Amino acid sequence: VSACRHRPAGPVRRLAAVTTFRVAFVDVYPLRLTEPGLEVLLLRRAAAGRCPGSWEVVHGSIEPGETPRQAALRELQEETGLSPERLYNLSRVEAFYRHGADEVGFIPVFAALVATDVPRLSPEHDAQEWLPLADAGGRVAWPRERRTLQDIQMLFGRGDAGPLEDVLRIEGLGD
């Protein structure tokens, strides 16, 4: 009898899943188009919060009843005071294992093109800086952010999503 077809003697015992999986967070990459090229806004975590001193993009939780798109717009506003002229789905979902909660949180990723370059910081952050994409990759703490910055350069190097614009651009920002 093949090991693949072997059945244990007696009743089959099913184990309940312990780890949960949910769409829990969003990442938002605030972008601006300048004469030299695309820049991303990075935020430094304040000393009183998690990961003090680390540089990151806008990141936050999805509230109950909220869609990832709505959470992206809210988090961008809360953490920077910015509203996007255009919002893009980067067609990417990251995952993060939260060992304390035994949960895998999925993270839809967005890019937000903004016109203004004067963000207002939330209490979570103590500094901000606009950087060219290539420079930002060396500053961010999370490897997932470095990978996403490379995707953004490829997708939005000209300031829009090129032939993918119709698929990645999110319409109806106010809802």
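Counting restarts for each chain, with residues numbered from 1 along the sequence as it is written. Selection of residues for local features in this predicted model requires a pLDDT of at least 70, selection of side-chain atom pairs for listing and counting requires 80 or more, and totals for whole chains, interfaces and linings are taken over all residues. Only hydrogens and water are set aside when side-chain values are computed; all heavy atoms of the structure are taken into account.

**Q** Help me understand the nonpolar core in this model?
**A** Within soluble globular proteins, side chains that are nonpolar generally end up buried alongside one another. Definition of nonpolar core: a set of buried residues of the types Ala, Val, Leu, Ile, Met, Phe, Trp, Tyr and Cys, connected through side-chain atoms within 4.5 Å. A simple rule labels every residue: compare its accessible area, found with a 1.4 Å probe on the protein chains alone, to the largest value its type can have, and call it buried under 20%, exposed over 50%, or partly exposed in between. Judged by nonpolar contacts, the single largest core of 23 residues is most densely connected at Tyr29, Leu31, Val40, Leu42, Ile152 and Phe156. When residues of this core are assigned to their parent elements, the largest contribution, four residues, is made by helix H3 (residues 143-156). Sequence-distant contacts of valine 40, defined by excluding residues within four places in its chain, comprise Tyr29, Pro30, Leu31, Val57, Glu129, Trp130, Leu131, Leu133, Ala136 and Leu149. By size, the runner-up hydrophobic cluster in this structure holds 17 residues, among which are Leu41, Leu43, Ala112 and Ile170. Secondary structure is summarised from DSSP: a helix means a run of H or I of at least four residues, a strand means a run of E of at least two, and numbering begins at the N terminus for each. The contact criterion used throughout is that any non-hydrogen atoms of two residues lie within 4.5 Å.

**Q** Help me understand the environment of valine 104 in this model?
**A** Here valine 104 lies in strand E7 (residues 103-113). By relative accessible area, valine 104 is classed as buried at 14%. Residues valine 104 and arginine 22 lie 82 residues apart in sequence; the distance between their C-alpha atoms is 6.6 Å.

**Q** What should I look at first to understand the layout of surface pockets in this one?
**A** Empty space among the atoms becomes visible once a probe the size of a water molecule is rolled across them. By volume, the largest pocket is sized at about 190 Å³. Using a grid of 1 Å spacing that covers the protein atoms alone, one calls a set of points a cavity when a 1.4 Å probe fits there but cannot get out, and a pocket when the set is open and has protein on both sides within 12 Å along at least five of seven lines; lining residues are those with an atom within 4 Å of a point. Lining the largest pocket are Phe25, Arg50, Cys51, Glu56, His59, Phe96, Arg98, Ile107, Trp142 and Arg144. Grid points are joined across faces, edges and corners, and a volume is the space filled by probe spheres set on the points.

**Q** What should I look at first to understand the environment of glutamate 165 in this one?
**A** Note that glutamate 165 resides in helix H4 (residues 165-168). The spacing of glutamate 165 and leucine 155 is ten residues in sequence and 9.3 Å in space, taken between C-alpha atoms. Setting aside residues up to four positions removed in sequence, glutamate 165 forms contacts with Arg86, Tyr88 and Asp160.

Purely geometric numbers; function is a separate question.
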